[in-house]
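# Understanding the architecture of this molecule
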Amino acid sequence: MRRLNPLFEDMPTSIFEEMSLLASATGAINLGQGFPEHQGPPEILQLAADALLHGRNQYPPSRGLPVLREAVAWHYNRHQGLSLTPEQVVVTSGATEALTAALLAVIQPGDEVIILEPAYDAYRPLIERAGGVARVVTLTAPDWRMIEADLLAAITPGTRAVVFNNPMNPTARAFEADELAMLAKTCVAHDLIAICDEVWEHIQFDGRRHLPLIAQPGMAERTIKIGSAGKIFSVTGWKVGFVCATPALIEPIAKAHQFITFTTPPNLQAAVATALDWDDAWFEAMRADYQRSRDRLASGLTAAGYVALPSQASYFLSIDLAASGLAPDDVAFCRRLVTDHGVVAIPLSAFCEARPGGFVRLCFAKSDATLDQAVARLGLAREAMLRAETHG
Ligand code: PMP
Ligand code: GLN
């Protein structure tokens, strides 16, 4: 038989799926794939249950329930000072579908798209599936700053877009105002479209507030802003996303979306529409809760002899293996961690083509008991690995 599409035939299973299956199979504590251990706020589950039983269960409009498109526009006005209209919003089946539709709408065969590594695992295959070519700008630990010279070096006459993940998974970094200004200036100067994956916009710590690129001078016309209710409301399985852009950009994205999933479950959309209007206090409490978990994991790791990088946003933090006195092979570390010590983590090299290694991502959206147990196991793992290194 002739070969199928090599892009998919040769593609490994996603690192998150692989690690979660391994956690289920071995009973290990899963700090790998990013999802909260709790089931999400009971209030939003009730809203969805009511909408399922008493609302409509037939196809909603392809672009989303009008009430949700309005709620998204108003939400971004209230929280980020943006003035979007509901017509500039399309509801998608998660941020992943929003990214897919955006890339399909923007890319023509051969177009180059810049990604910042370590990059979320979906970007490269989605760019390639759309016919584009990914060009990498590498960010460097521990501060993961975006350097203007590196960005400019990646731009060629064939560059069409940049995928900008802010706050960034897996580095847990929220970009600073000067980096956003630099990126905006570069996009305008080189006529680039910015596809902004902002799924972590609400989960930022230490008083940080989200800075959307779309608000930068000259960017309203060239930014595609993507969000995810799964992240905002701690219900990652819901896969309700939204994409916002100026009419010239949102129209082709809506057309791409109509032949990917066409639409998204109406009951989940209805629940999200109501929840987006919840008081500021709810969002503050949600952030405070994750921040407390971050601090619990970070201090536990420090006490166990690990050096962790700062986590400014998302529900991840990374261990620096070399600074923790360990060999920098993050894949080998994660393998031993699960087989010998019962904890699943994600090697950061899985997010990098160049595979620099050296860092391991842990998800802290877990109960105190789970975090404490994981820290105890990580402590034993470090001691065992140090012993093996000195005796080996
Ligand atoms: N982008 C980033 C940066 C993410 O971290 C995630 C999931 N954690 C997604 C996209 C996927 O979002 P969704 O589940 O809404 O498709
Ligand atoms: N975004 C999640 C993470 O970073 C994974 C989502 C997925 O498995 N596709 O862990």
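Since the model is a prediction, treat every value here as computed from it, not as a measurement. (Residues numbered from 1 in each chain as written. Chains lettered and ligands numbered in written order. Predicted model: local features only at pLDDT ≥ 70, side-chain atom pairs only at ≥ 80, totals over all residues. Heavy atoms only, no water.)

## Here's the deal with the site of ligand 1
- Around ligand 1, the structure places 13 residues, and the nearest of them are T96, D197, S228, K231 and K239.
- In this structure, D197 approaches ligand 1 through a side-chain N or O atom, which is 2.5 Å from a nitrogen atom.
- Within the side chain of S228, an N or O atom sits 2.7 Å from an oxygen atom of ligand 1.
- Expressed as a share of its isolated accessible area of 400 Å², the protein-covered part of ligand 1 is 93%.
- If one sorts the elements of the shell around ligand 1 by residue count, helix 5 (residues 94-106) sits on top with three residues. (Near = heavy atom within 4 Å. Polar contact = N/O pair within 3.5 Å; in protein donor to acceptor, adjacent residues only side chain to side chain. Areas by Shrake-Rupley, 256 points an atom, 1.4 Å probe, with all protein chains shown as cover. Helix = DSSP H or I, 4+ residues; strand = E, 2+ residues; numbered from the N terminus.)

## As for helix 12 (residues 280-303)
- Between the first and last C-alpha of helix 12 there are 35 Å, a value that for 24 residues agrees with the 34 Å anticipated at 1.5 Å per step.
- The set of residues buried in helix 12 consists of F283, M286, R287, Y290, S293, R294, L297, G300 and L301.
- Contact partners of the buried residues in helix 12: helix 4 (66-80), helix 9 (229-232), helix 11 (266-275), strand 9 (316-320), strand 12 (359-363) and helix 14 (368-391).
- G305, located one to two residues past helix 12, shows a positive phi value of around 95°. (Expected span 1.5 Å × (residues − 1). Buried < 20%, exposed > 50% of the residue type's maximum accessible area, 1.4 Å probe, protein only. Contact = heavy atoms within 4.5 Å.)

## Structural notes on the packing of aromatic side chains
- Using the criterion set out here, one finds 17 aromatic pairs in the structure.
- Considering the side-chain rings of Y76 and F242, the 6.4 Å spacing of their centres and the 75° angle between planes classify their relative orientation as edge-to-face. Highlighted residues: Y76 in helix 4 and F242 in strand 8 (residues 241-244), separated in sequence by 166 residues. An identical accessibility class is assigned to Y76 and F242; each is buried.
- Relative to Y315, the ring of Y290 lies with its centre 5.1 Å away and its plane at 55°, an arrangement referred to as tilted. Of this pair, Y290 sits in helix 12 while Y315 sits in the loop between helix 12 and strand 9; the two residues are 25 residues apart in sequence, bridging distant segments of the chain. Each of the two residues, Y290 as well as Y315, counts as buried.
- The structure contains a cluster of three or more aromatic residues connected by ring pairs, namely F16, Y120, Y123 and F351.
- Over the aromatic face of F316 sits the side chain of R361, whose NZ or CZ is 3.5 Å from the ring centroid.
- Note that K366 overlies the ring of F35, its terminal NZ or CZ placed 4.0 Å from the centroid. (Phe/Tyr/Trp six-rings, centres within 6.5 Å; stacked < 30°, edge-to-face > 60°. Lys NZ or Arg CZ within 6 Å of the ring centre and 35° of its normal.)

## Brief notes about the environment of L180
- With respect to the secondary-structure elements, L180 resides in helix 8 (residues 177-189).
- Taking the C-alpha atoms as reference, L180 lies 6.3 Å from L213; in sequence the two are 33 residues apart.
- Not counting chain neighbours up to four residues away, the residues in contact with L180 comprise F164, N166, L211, L213 and Q216.

## Notes on the site of ligand 2
- Contacts to ligand 2 come from F16, Q33, G34, Y120, N169, F316 and R361.
- Residue R361 places a side-chain N or O atom 2.7 Å away from an oxygen atom belonging to ligand 2.
- In isolation ligand 2 has 300 Å² of accessible area, and contact with the protein removes 79% of it.
- By residue class, the composition of the shell around ligand 2 is three nonpolar, three polar and one charged. (Nonpolar A, V, L, I, M, F, W, Y, C, P; charged D, E, K, R; others polar.)

## Notes on the pairing of strand 8
- Burial along strand 8 is two-sided: the face carrying G241 and V243 and the face carrying F242 and C244 are both buried.
- Looking at chain direction, strand 2 (residues 89-92) and strand 8 are connected through four bridges and run antiparallel. The residue bridging V91 from the neighbouring strand is F242, located in strand 8.
- When strand 7 (residues 223-228) meets strand 8, the two strands line up antiparallel, connected through four bridges. Its bridge partner being in strand 8, G227 is matched across the sheet by F242. (Pairing = 2+ DSSP bridges.)

## Some points on the environment of A101
- Position of A101 relative to the elements: it lies in helix 5.
- Accessibility expressed as a relative area gives 0% for A101, which makes it buried.
- C-alpha separation for the pair A101 and T274, spaced 173 residues apart in sequence, amounts to 25 Å.
- Not counting residues within four places of it along the chain, the set of residues in contact with A101 comprises I253, A256, H257 and I260.

## With respect to the sheet that holds strand 4 (residues 133-138)
- Pairing within the open sheet is mixed, and its seven strands lie in the order 2-8-7-6-5-3-4. Here the strands that pair on one side only, and so sit at the sheet edges, are strand 2 and strand 4. Taking each pair of neighbouring strands and ignoring which way they run, the sheet shows an average axis angle of 20°.
- The sheet contact formed by strand 5 (residues 159-165) and strand 6 (residues 193-197) spans five bridges and is parallel. Opposite A161, over in strand 6, you have I193 as the bridge partner. (Axes fitted to C-alpha atoms, helices over the stretch in contact; angles between N-to-C directions.)

## Here we look at the packing of helix 13 (residues 330-341) against helix 14
- Helix 14 packs onto helix 13 with a crossing angle of 115° between their chain directions and a minimal axis gap of 10 Å. The angle between helix 13 and helix 14 falls in the class roughly perpendicular. Both helix 13 and helix 14 take part in a crossing whose hand is right-handed. The segment helix 13 lies against helix 14, with F333, R336, L337 and H341 engaging R377, L378, L380, A381, A384, M385 and A388.
- Classifying every residue of the contact of helix 13 with helix 14 by side-chain character gives eight nonpolar, one polar and two charged. (Parallel < 35°, antiparallel > 145°, perpendicular 65-115°, else oblique. Left-handed = near helix turned anticlockwise from the far one by under 90°.)

Note that all results are geometric; they support no functional claim without further evidence.
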